[in-house]
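Next come the chains, spelled out residue by residue.
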Amino acid sequence: MTYDRLVCANCAAPVSEGRCPVCRANRERLQQERDNFFAGLNPMALIALLAVLIAAVALLAHQTA
Ligand SMILES: [Zn+2]
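Residues numbered from 1 in each chain as written. Predicted model: local features only at pLDDT ≥ 70, side-chain atom pairs only at ≥ 80, totals over all residues. Heavy atoms only, no water.

The next subject is the overall build of the protein chain. Helices and strands together make up the secondary structure of the protein chain, namely one helix and zero strands. Relative to the 2.2 N^0.38 estimate, which gives 11 Å for 65 residues, the radius of gyration of the protein chain is 21 Å and therefore markedly larger than a compact globule would have. With the principal axes as the frame, the protein chain shows a C-alpha extent of 70 × 15 × 15 Å. Here the protein chain holds 65 residues, and 11% of them are scored as buried. Within the protein chain, contacts between residues at least 6 apart in sequence are counted, and of these 15% link residues at least 24 apart. In the structure as shown, the protein chain presents an accessible area of about 5,400 Å², 64% of it carried by carbon and sulfur atoms. Taken as two groups, the 6 positive and 5 negative side-chain charges of the protein chain have centres that lie 5 Å from each other. (Helix = DSSP H or I, 4+ residues; strand = E, 2+ residues; numbered from the N terminus. Rg over C-alpha atoms; globule rule 2.2 N^0.38 Å. Buried < 20%, exposed > 50% of the residue type's maximum accessible area, 1.4 Å probe, protein only. Contact = heavy atoms within 4.5 Å. Areas by Shrake-Rupley, 256 points an atom, 1.4 Å probe, with all protein chains shown as cover. Lys, Arg positive; Asp, Glu negative; His and termini not counted. Charge placed at Lys NZ, Arg CZ, Asp CG, Glu CD.)

To continue, consider the coordination of the zinc ion. On the protein side, the zinc ion has Cys 8 (SG), Cys 11 (SG), Cys 20 (SG) and Cys 23 (SG) as donor atoms, found 2.2 to 2.4 Å from it. In the primary sequence, the donor residues of the zinc ion line up as C-x2-C-x8-C-x2-C. No difference in accessibility class separates Cys 20 from Cys 23, as the two residues are buried. (Donors = N, O, S within 2.8 Å, 3.2 Å for Na, K, Ca; no water.)

Pasting the structure below:
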């Protein structure tokens, strides 16, 4: 579910427009959840990428030596 399509139960307007306090609270919460998701994902992806890089370099060094 994308938060852009979410309709507020209080004012029946899209939550992304933030027309009422309920909208703004929901929008803030959803944005925070999205930020947390990316914050949790990026270090993991970075570590995985680093591991692959180290393995590639080790393999290359092993082949040339
Ligand atoms: Zn609203």
